[in-house]
Structure formats: C-alpha cells, structure tokens
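Below, each chain spelled out in residue letters.
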Amino acid sequence: MTHLPYLLAAYGLALVLTGWMAIGAWRRMGAARRKLMAIDPRAERS
Amino acid sequence: MEIASNAQPSGGRNLHRFANPGQFLRLSGRILPFLAVSALVLTGIGVFGGLFMAPADYQQGDAVRIIYIHVPSAWLASSAYMGLAIASLFSLVWRHPLADLAAVEIGPVGAAATALCLATGSLWGKPMWGAWWVWDARLTSVLVLFFLYLGHIGLIRAFDDPQRGYRAGAILALVGVVNLPIIKFSVEWWNSLHQPASITLTGAPTIAGSMLWPLAFCALGFTLGFAAIVTARLRAAVMERRIRALLLARAQEA
C-alpha cells in the first residue's frame with residue numbers, strides 16, 4: 001500500500017482538526033456556563 | 001441592546017421569537033447531545049466503511065479513500081459559507097441578534113473545514129497528479145474561499161464597536177457568495193485537472209454504490225458535526241454576552 005502515508009496524514013489531520021474544534025467548543029461552553037451560574041444562579045434553568 | 005426591533009420588516013417578527021437568548025439556550029441544550037452523538041456515530045460508520053469495506057479504485061488504488069474526508073469537507077466548506085451568508089443577511093436586513101453571533105461563530109469552523117478540504121486535496125493530489133498544488137480553477141477558487149473566511153474572521157473582530165464589525169463582516173460575507181457558483185462550475189467553465197462532480201441533483205451518481213454509502217455517511221456525519229460545533233460555540237457566545245451584560249449592570253449599580 002504505497003499510499004498509506006498520504007492516507008494516514010489525511011485522516012490524522014481530519015481527526016486533529018475536528019477534535020481541536022470540538023473540544024475547544026465544549027470547553028468554552030462549559031467555562032461560560034460555570035461563570036454564568038456563579039454570577040446568576042437563575043441561569044441553571046437554561 | 002437591540003434598538004432596531006420596531007423597524008424590522010414584517011417577515012422578521014417571527015424570526016425574533018427565536019432570538020430570545022433563554023429560549024435559544026433551552027432549545028439548543030436539548031438538541032446538542034443528539035447532534036453530537038449522531039455526528040460521531042455516522043462519521044464513525046462512514047470512515048470505517050470507507051477505510052475497510054469500500055473497494056480500492058482500479059486507477060487510484062487506496063488513495064481514493066481520501067475522498068471520504070475530502071469530499072465531505074469540501075461540501076461543508078461551501079455550505080458553511082452559505083450558512084454564513086444567510087446569517088449575514090438576517091443580520092443586515094432583520095437585525096437578528098443571534099445572526100450576528102452565528103456569523104462570528106460559523107467563520108472559524110468554516111475556515112477549518114476549508115483548510116481540511118485543501119490539505120486533504122493536496123494529500124490526494126501528490127500521489128495522483130504528482131504535485132501538491134496546481135493553480136487549477138477549482139483549487140484556486142477554494143483557496144479564495146479560504147481567504148474569504150480569514151478576511152471575515154479578521155474583519156468582524158476588527159472594530160471596537162461590535163455592531164460595526166458585524167455589519168462589515170456581513171457585507172463581506174454577502175459579496176463573497178459570488179465565489180460559490182464559481183467553485184461549483186469551475187470544472188465545467190475551465191479546463192481543469194479536478195474531476196467533475198460524481199453526485200448531482202439531476203442525474204444518477206457516477207460512483208459505485210459500494211463507495212457511495214460510506215461517502216454519504218461521512219457527508220451527513222460531517223454536516224451534523226459542524227452543526228454541533230457551531231451550536232456549542234453559539235451557546236458559549238450567548239452565555240458570554242449575558243455575563244458581560246450582568247457584570248456591566250452590576251458595575252453601573254455600584
């Protein structure tokens with residue numbers, strides 16, 4: 001399989017990029033929710 | 001503060017019902033887990049099918065398996081830009097408060113999809129064409145799309161007054177829509193190394209069924225994944241805006 005390095009690079013890049021975007025979004029959302037609940041406890045309902 | 005809510009066209013009134021931040025947070029909080037889980041499952045099935053079940057191409061060999069991420073990311077790059085343009089239209093015409101934030105949050109995710117499309121295309125092009133890059137009409141128009149995303153990301157954050165940034169970014173996004181048909185039809189309008197579309201709305205697909213189903217799963221999974229990431233970023237942005245407003249109100253009271 002002479003194309004294996006290209007396949008690995010393509011799928012690795014996809015994994016890293018999407019993982020970075022997804023984890024970044026979830027961490028940002030979690031941080032915002034914690035901060036909002038610390039300031040305004042009523043926000044827990046949403 | 002939205003000062004233009006009374007001046008909106010009649011069609012915008014219904015849209016504003018969904019602009020309530022609390023209502024948005026409740027609704028998006030319910031659908032986000034479903035979006036994320038279905039994106040993971042569908043993409044997982046598609047990637048497994050593309051890597052281990054679909055056959056190698058008789059000409060391209062195993063390099064064809066790159067299409068299972070290249071094509072969905074290309075589809076996403078263009079459709080995300082269309083989403084950005086629609087959000088920009090809502091922002092300019094109806095002053096929809098969530099549309100501004102959506103435009104801010106779609107930009108980086110769309111740029112990442114476009115970067116992935118360009119990089120995986122390059123990784124496919126080297127073994128197939130013998131070159132990482134050629135100044136082909138399709139490749140160049142997608143590169144222009146990437147620069148449009150970068151320009152939008154920069155412009156929308158470039159002003160001290162966020163409203164001016166939203167407006168400038170929206171105008172750029174709407175002007176940039178002209179690039180989408182150029183991308184789509186570039187392989188027909190110019191002599192191109194890039195192959196024409198294998199899947200069209202009007203005709204039967206020219207790709208074998210054994211290769212088509214993993215591609216369909218990946219395309220759907222990528223689309224839902226994009227929706228999940230943008231929704232999570234938008235939820236964060238709405239909460240951050242509420243935090244700023246609350247802190248400002250407290251500072252003014254003190």
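Just above sits the structure.
What you see is a predicted model; the values in this text were computed from it and never measured.

1. Side note on the state of the cysteines
Residues and elements named next belong to chain B.
For step 1, the next point in the chain: Enumeration according to the criterion identifies zero disulfides over all chains in this entry.
For step 2, the next point in the chain: In this structure C117 is not part of a disulfide, and its nearest cysteine sulfur, from C218, lies 14 Å away.
For step 3, the next point in the chain: Look at C218 and you get buried, because its relative accessible area is 0%.

2. A word on the nonpolar core
For step 1, the next point in the chain: Among the nonpolar cores identified, the biggest contains 71 residues, and Y68(B), Y81(B), L84(B), L101(B), L145(B), Y149(B) and F226(B) are the most heavily contacted of them.
For step 2, the next point in the chain: Counting residues per element, the ones that place at least two in this core are α1 (4-39) of chain A together with α2 (21-53), α3 (67-94), α4 (97-129), α5 (137-156), α6 (162-176), α7 (179-189) and α8 (209-253) of chain B.
For step 3, the next point in the chain: Once residues within four sequence positions are removed from consideration, Y68(B) is found in contact with Y11(A), G50(B), A54(B), M211(B), P214(B), L215(B) and C218(B).

3. What to know about the interface of chain B and chain A
How large an interface is tends to be reported as the accessible area lost when its parts come together.
For step 1, the next point in the chain: Every contact between the two is made by 40 residues of chain B and, on the other side, 26 residues of chain A.
For step 2, the next point in the chain: When chain B packs against chain A, close to 3,000 Å² is buried across both sides, 77% of that on carbon and sulfur atoms.
For step 3, the next point in the chain: There are two salt bridges connecting chain B and chain A.
For step 4, the next point in the chain: Between E240(B) and R28(A) there is a salt bridge, with its nearest N and O atoms 3.1 Å apart.
For step 5, the next point in the chain: Here the residues of the side of chain B that touches chain A sort into 27 nonpolar, three polar and ten charged.

4. Things to note about the side chain of S88(B)
For step 1, the next point in the chain: Mapped onto the fold, S88(B) is located in helix α3.
For step 2, the next point in the chain: Contacts of S88(B), omitting those with residues within four sequence positions, involve A103(B), A170(B), A173(B) and L174(B).

Reading the values: the criteria
Residues numbered from 1 in each chain as written. Chains lettered and ligands numbered in written order. Predicted model: local features only at pLDDT ≥ 70, side-chain atom pairs only at ≥ 80, totals over all residues. Heavy atoms only, no water. Disulfide = S-S within 2.5 Å. Buried < 20%, exposed > 50% of the residue type's maximum accessible area, 1.4 Å probe, protein only. Core = buried A, V, L, I, M, F, W, Y, C linked by side-chain atoms within 4.5 Å. Helix = DSSP H or I, 4+ residues; strand = E, 2+ residues; numbered from the N terminus. Contact = heavy atoms within 4.5 Å. Buried area = accessible area lost by both parts, 1.4 Å probe. Salt bridge = Lys/Arg side-chain N within 4 Å of Asp/Glu carboxyl O. Nonpolar A, V, L, I, M, F, W, Y, C, P; charged D, E, K, R; others polar.

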